[in-house]
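The chain contents come next:
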Amino acid sequence: MCQVDQTYSAPMGSLDTPSISKLCVKCKVHPPAVLLRVGDPYCRSCFNDYFIHKFRAMLGKNRVIFPGEKVLLAVSGGPSSCSMLHQVQEGLSVNAHKKLRFTPGIVFIDEGALTGRSLEDRNKTNSELKALFESTGLPFYIIPLEHVLELPISVLIQPHVRSTESATSYKVAVAEFDQNNQSVAAQLPGQEQDPAAVSEVHTLKLQQLMASVKTHTARDELLCTLRQHLLLHTARSEGYSKLMLGDSCTRLAMKLLSNISLGRGAQAALDTGFSDSRYGDVIAVRPMRDYSAKEIAYYNHLFSVPSVFIPGLDFKTSDKDSIQRLTEGFVIKLQSEFPSTVSTIYRTSEKLQTACEAPTALNDSPRCVLCLCALDTAAENASAFQATMISEQLSQKKSPQNDCLPTHKGSTDKTQSSSADCSGLCHGGSCCSNRLEPMELKTLLCYSCQLTIKDMSSLEHMPNYIISETQRRLRRSQMKAEISNFLLD
Ligand SMILES: [Zn+2]
Ligand SMILES: [Zn+2]
């Protein structure tokens, strides 16, 4: 921390009187240990209070998590999600000022297959994480991303949910919890799905799927989607009704800007807001969204919060490889010169959240098969989406063998390749007998997910549950069209 003091001591000493800069701005007794903004030095103890209070305040203000509710923490091993885990542990400890009253569990998704890491390497990281999770005493699940290939079709279907819980029902839940507050220590032992148990066929299939995506931008998006599906499935199958994500405000600022560039403006509020209700029964929450990456780094350093470095898909890629990386570089660079960049973008996302919050209206609308958000493709005629569609139709008229249908040539040898491709993964060969065309899938996707699919050379490696759900919906709409003449209005 002496580094921090050194960096800022020169300008501060010249601007402020030495007596102010030498003491914590809060207690005005102790020497500062952290400087978050110029003129705001905190001592160790006050910084701890500030950090903990912010977490509780975020949960208290939003009142989304009910007492006794099962909450699944998605921990990636990175500083932000590990800090979130630490905050939850802190809140559950006996001497916590305001004890947290939910029942947490931990999930980690091992994405090692995508970065080409050896099984040995993956096992090493997993046992490191296992030791970390075991020390918390919470139930945990270490799940290889390969499991996404075996997901059931139900992941993509939104169950019918009760009407949104009001503030009064929250109060009722609190009272009930306080009444029968016998220790909620019915904790399960940790579960780990050993990556060694993952068949090589699945690893290969997952790698083939990612290899069929032509751009880094689309690859990032597809990975994000698959990860979300696996998290959602784990939460549902283990009985968790909340999913806690560790996105910091720095991360969300980057996400907001890159999402707008990716055509996900309509989903911005759900993608970056505090709570995300797109899945219906499981609500995703982002309690770390008030912390900057800098604050988290300071906190983890000062209070020895462990994190595990795991190289991701974007490891060793250049700034210009994808829209996401480019935006990240842009925000970081701007932030270094204008320290309020991140908070300005973040405040904007907060405003979007309140403006677009109408979950009841969204509930019945058709959903994108991939990101599960309400479809934005029924937009008015003047939208960018409509303009793109018109220009696409025009170019298709000129050349029938359009480049957005790259599988067309490949699909002639359907019968030969089908038996080799699925290697027993499909049920009774149903996935191969009627393969999906990109144009068919596109009709069920939001604008942004359409762009992701457009960057794929073929859909043959798409996980089975996505193909099956698409075909189910296509059959239904076809049937609906057939009988439409016989229906009364
Ligand atoms: Zn202090
Ligand atoms: Zn989508």
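Along every chain, residues carry numbers that run from 1 in the direction the sequence is written. To label them, take the chains in the order written and letter them from A, then take the ligands in the order written and number them from 1. Per-residue local features are limited, in this predicted model, to residues with pLDDT of at least 70; the limit for side-chain atom pairs, both in listing and counting, is 80 or more; totals at the level of whole chains, interfaces and linings are taken over all residues. Values reported for side chains reflect all heavy atoms of the structure, with hydrogen atoms and water molecules removed beforehand.

Chemist: I'd like to hear about the overall build of the protein, residue by residue, with values.
Modeler: Looking only at helices and strands, one finds 21 helices and 9 strands in the protein. The classification of residues rests on relative accessible area computed with a 1.4 Å probe and restricted to protein chains. Under 20% of the type maximum is buried, over 50% is exposed, and intermediate values are partly exposed. Here the protein holds 489 residues, and 46% of them are scored as buried. Within the protein, counting contacts between residues at least 6 apart in sequence, those at least 24 apart form 75% of the total. To measure how exposed things are, a 1.4 Å probe is used in the Shrake-Rupley method; for residues, cover is taken only from the protein chains shown. Element-wise, carbon and sulfur atoms account for 56% of the exposed surface of the protein, whose accessible area totals about 25,100 Å². Helix and strand assignments follow DSSP, with helices taken as H or I runs no shorter than four residues and strands as E runs no shorter than two, numbered in order from the N terminus. In what follows, residue pairs with any heavy atoms lying within 4.5 Å of each other are defined as contacts.

Chemist: So, the coordination of the zinc ion (ligand 2): which residues are in play, and what are the values?
Modeler: The rule for donors is simple: N, O or S, within 2.8 Å of the metal, or within 3.2 Å if the metal is Na, K or Ca. Water isn't counted, so a site may look like it is missing partners. Protein-derived ligands of the zinc ion (ligand 2) are Cys368 (SG), Cys371 (SG), Cys446 (SG) and Cys449 (SG), with the metal-ligand distances lying across 2.3 Å. Any coordination sphere not matching a tetrahedral pattern (four donors, all angles between 85 and 135 degrees) or a square planar or octahedral pattern (four or six donors, opposite donors over 155 degrees apart, other angles between 65 and 115) is reported as irregular. The site at the zinc ion (ligand 2) holds 4 donor atoms, and with the angles between them running 102 to 118°, its shape is tetrahedral. Ordering the donors of the zinc ion (ligand 2) by residue number gives the pattern C-x2-C-x74-C-x2-C. Assessed through its relative accessible area of 0%, Cys446 is described here as buried.

Chemist: Tell me what's going on with helix α5 (residues 119-136), and back it up with residues and numbers.
Modeler: Over its 18 residues, α5 extends 26 Å from the first C-alpha to the last, a length consistent with the 26 Å expected when each residue adds 1.5 Å. Three or more residues of α5 are buried, namely Arg122, Thr125, Asn126, Leu129, Leu132, Phe133 and Thr136. End-on view of α5: buried residues confined to an arc of 120°, all on one side of the axis. With respect to the buried face of α5, the exposed residues turned more than 90 degrees away are Glu120, Lys124 and Ser135. By this rule the span expected of a helix is its residue count minus one, scaled by 1.5 Å. Summarising the geometry, the arc corresponds to the directions from the helix axis toward the C-beta atoms.

Chemist: Would you mind going over the coordination of the zinc ion (ligand 1) in detail, with residue names and values included?
Modeler: Protein-derived ligands of the zinc ion (ligand 1) are Cys24 (SG), Cys27 (SG), Cys43 (SG) and Cys46 (SG), with the metal-ligand distances lying across 2.2 to 2.3 Å. Here the zinc ion (ligand 1) is ringed by 4 donor atoms whose angles at the metal span 100 to 117°, and the overall shape comes out tetrahedral. Sequence spacing of the donor residues for the zinc ion (ligand 1), all on one chain, is C-x2-C-x15-C-x2-C. Of this pair, Cys24 sits in the loop between α2 (18-21) and β1 (34-35) while Cys43 sits in the loop between β2 (41-42) and α3 (44-62), placing them 19 residues apart in sequence. Residue classification places Cys43 among the buried positions, given a relative accessible area of 3%.

Chemist: So, unusual backbone geometry: which residues are in play, and what are the values?
Modeler: Excluding glycine, residues mostly carry a negative phi; peptide bonds, for their part, are mostly trans. Here the phi dihedral of Lys28 falls at roughly 55°; this positive angle occurs in a residue that is not glycine. Relative to the helices and strands, Lys28 is located in the loop between α2 and β1. The exposure class assigned to Lys28 is exposed, which follows from its relative accessible area of 56%. For Arg63, which is not glycine, the phi dihedral falls at a positive 50°. As for its position among the elements, Arg63 is in the loop between α3 and β3 (70-74). In this structure Arg63 comes out as partly exposed when scored by relative accessible area, which is 39%.

Chemist: I'd love a proper account of the pattern of salt bridges, names of residues and values included.
Modeler: Counted as salt bridges are all cases of a side-chain nitrogen of Lys or Arg within 4 Å of a carboxyl oxygen of Asp or Glu. Under the criterion given, the structure shown has 16 salt bridges. For Glu469, the salt bridge is made with Arg472, and the minimal N-O distance between the two is 2.9 Å. You can see Glu469 and its partner Arg472 sitting in helix α21 (residues 464-483), 3 residues apart, about one turn around the helix. Beyond isolated ion pairs, a larger network of salt bridges with shared partners links Asp247, Arg264, Asp271, Asp276, Arg278 and Arg286.

Chemist: Please give an account of the packing of aromatic side chains that cites residues and values.
Modeler: The aromatic pairing rule takes the rings of Phe, Tyr and Trp, using the six-membered ring of Trp, and pairs them if the centres are within 6.5 Å, calling planes under 30 degrees apart stacked, those over 60 edge-to-face and the rest tilted. Scanning the entire structure with this criterion turns up 9 aromatic pairs. Aromatic rings pair up to connect Tyr42, Phe47, Tyr50, Phe51, Tyr291, Tyr299 and Phe303 into one cluster. Two conditions define a charge located above a ring, namely a distance within 6 Å from the ring centre to NZ of Lys or CZ of Arg, and an angle within 35 degrees of the ring normal. The ring of Tyr240 carries Lys70 above its face, with NZ or CZ at 4.5 Å from the centroid.

Chemist: Before we move on, can you summarise the environment of Gln158 with the specific residues and values?
Modeler: Mapped onto the secondary structure, Gln158 falls in the loop between β5 (140-144) and α6 (167-179). Gln158 sits 214 residues away from Leu372 along the chain, and the two C-alpha atoms are 8.4 Å apart. For this analysis, a polar contact is any N or O atom pair within 3.5 Å, provided that within protein one partner can donate a hydrogen and the other can accept it, and provided that sequence-adjacent residues contribute only side-chain to side-chain pairs. Within polar-contact distance, the side chain of Gln158 engages the backbone oxygen of Arg278 at 3.1 Å.

Chemist: Could you give me a rundown of the nonpolar core, with the residues and numbers involved?
Modeler: Counting residues in each nonpolar core, the largest one holds 55 residues, and the members touching the most others are Phe47, Phe55, Leu59, Leu73, Phe102, Phe133 and Met244. With near-sequence residues (within four places) excluded, Phe47 lies in contact with Val34, Leu36, Tyr42, Glu295, Tyr298, Tyr299, Leu302 and Phe303. Only buried residues count toward a nonpolar core, which is a set of Ala, Val, Leu, Ile, Met, Phe, Trp, Tyr and Cys residues joined through side-chain atoms within 4.5 Å.

Chemist: Which residues make up a nonpolar patch on the surface, and what are the values?
Modeler: A patch consists of residues exposed above 30% relative accessible area that lack any salt bridge, with like charges linked at up to 9 Å and nonpolar side chains (Val, Leu, Ile, Met, Phe, Trp, Tyr) linked at up to 5 Å. A cluster of nonpolar side chains, namely Phe330, Leu334 and Phe338, defines an oily patch on the protein surface of about 290 Å² accessible area. Position of Leu334 among the secondary structure elements: in helix α12 (residues 323-337). The class of Leu334 is partly exposed, set by a relative accessible area of 31%.

Chemist: Got a sec to walk through the pairing of β3? Specific residues and values, please.
Modeler: With 4 of 5 residues buried, β3 is to be regarded as a mostly interior element. Strand pairing follows a simple DSSP-based rule, namely that at least 2 bridges must link the two strands. Looking at chain direction, β3 and strand β4 (residues 103-110) are connected through 5 bridges and run parallel. The residue bridging Ala74 from the neighbouring strand is Val107, located in β4. Looking down the strands as they point away from you, a crossover is right-handed if its path from the first strand over the helix to the second goes clockwise. Each parallel crossover has a hand, and the one from β3 via helix α4 (residues 79-92) to β4 is right-handed. Here β3 pairs with strand β7 (residues 242-244) via 3 bridges, running parallel. Within the sheet, the bridge partner assigned to Val71 lies in β7 and is Lys242.

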